Amino acid sequence: MIELYTAPTPNGWKVSIMLEECGLPYELHPVDLGKGEQKTAWFQDISPNGRIPAIRDDGFAVFESGAILHYLAEKSGRFLPTEPHPRWQVLQWLHWQMGGLGPMVGQSVSFNRYIEEPVPYAIARYGNESRRLFEVLDRQLAGRDFVCGEVSIADFAIYPWVRAHRWARVPIDGLTHVEKWLPRMRARPGVERGLSVGIPEEEVDRWSEARRAAYKKGGASMITPVDEA
Ligand SMILES: N[C@@H](CCC(=O)N[C@@H](CS)C(=O)NCC(=O)O)C(=O)O
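Report on the accompanying structure. (Residues numbered from 1 in each chain as written. Predicted model: local features only at pLDDT ≥ 70, side-chain atom pairs only at ≥ 80, totals over all residues.)

1. Focus on the environment of P103
For clarity, the threshold we go by: Elements are defined by DSSP. Helices are runs of H or I of four residues or more, strands are runs of E of two residues or more, and each kind is numbered from the N terminus.
In this fold, P103 is placed in helix α4 (residues 84–113). Residues P103 and W161 lie 58 residues apart in sequence; the distance between their C-alpha atoms is 9.5 Å.

Here is the structure:
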């Protein structure tokens, strides 16, 4: 049985989307980031980096969302082609998300939403780089329904971060392929179910306030309201 340790954030949703899309049974273990549960010894035995998401599969622990998506794709035989070239196309875009898009949009959220004193240099730097990455994605999506043609773990990794564009204050104006891909992703029942994992919708506001307060105390790195896209 797969145990999922997560919280309702873009990195967490990547994995809940994948599990829902695969129809793999799993047991949900919410990790309360506001309370700092991710820094406890028991959790760091599962996720040494002290961050969500993480899974345990029959006791075997995997952390880092990109590695988890790859692991689940191999386990299920879904959403990662077996032929070398298509497979490596998907893996390249997965790594592009992990090394670029996620960290940059994450910093845009942080500097736009959670800082008391605005830092114009940081807002411009992370905002411009996020927008540049959105433009890269837009070019890749031209002529394709999904990032690598067929829907794959690359889409599941990228979507939760692009979906947060308003929250990150990174415009998607003029990115016509991205604008069409966002609702195409959202229309997938597995994506919709995956996005609902973590907290009951009626608790979003209360939860966001709690996370925002925790962030100000240095307890959590980011929040993304469930209804931001
Ligand atoms: N590279 C990691 C990033 C994980 C990450 O930043 N998780 C955030 C939530 S999206 C977290 O756990 N933050 C709590 C903290 O930093 O204490 C991954 O993709 O799994």
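2. Considering the environment of R131
With respect to the helices and strands, the residue R131 is situated in helix α5 (residues 120–141). Considered as a pair, R131 and L101 are 30 residues apart in the sequence and their alpha carbons are 9.4 Å apart.

3. Points about unusual backbone geometry
The linkage connecting I52 with the following residue, P53, adopts the cis geometry, with an omega of 0°. The topology assignment puts P53 in the loop between α2 (41–46) and β3 (54–57). For F79, which is not glycine, the phi torsion reads 65° and is therefore positive. Counting through the fold element by element, F79 comes out in the loop between α3 (65–76) and α4.

4. Points about the pairing of strand β1 (residues 2–6)
Definition in use: Remark: C-beta atoms are placed from the backbone, and a residue is labelled buried if 20 or more other C-beta atoms sit within 10 Å of its own, exposed if 12 or fewer do, or partly exposed between those counts. At least two bridges found by DSSP between two strands is the condition for calling them paired. Clockwise travel from the first strand over the helix to the second, with the strands pointing away from the viewer, marks a crossover as right-handed.
Burial analysis of β1 places 4 of its 5 residues in the buried class, the great majority of the element. The pairing of β1 with strand β2 (residues 26–30) spans 5 bridges and is classified as parallel. Paired with E3 across the bridge in β2 is E27. Crossover connection from β1 via helix α1 (residues 10–22) to parallel β2: handedness right-handed.

5. Digging into the sheet that holds β1
Note the following rule: In this analysis, axes come from line fits to C-alpha atoms, helices being fitted only over the stretch in contact, and the angle between any two N-to-C directions falls in the range 0 to 180 degrees. Whether two residues are in contact depends on their C-beta atoms, placed from the backbone: they are in contact if these lie within 7 Å.
If you walk across this open sheet you meet the 4 strands as β2-β1-β3-β4, and the pairing is mixed. The sheet is open, and its two edges are formed by β2 and β4 (60–63), each paired on a single side. Within this sheet the neighbouring strands show an average axis-to-axis angle of 20°, counted without direction. Contacts from α1 reach β1, β2 and β3 within the one sheet, and its direction differs from that of β1 by about 150°.

As far as function goes, none of this settles anything; it's purely spatial.
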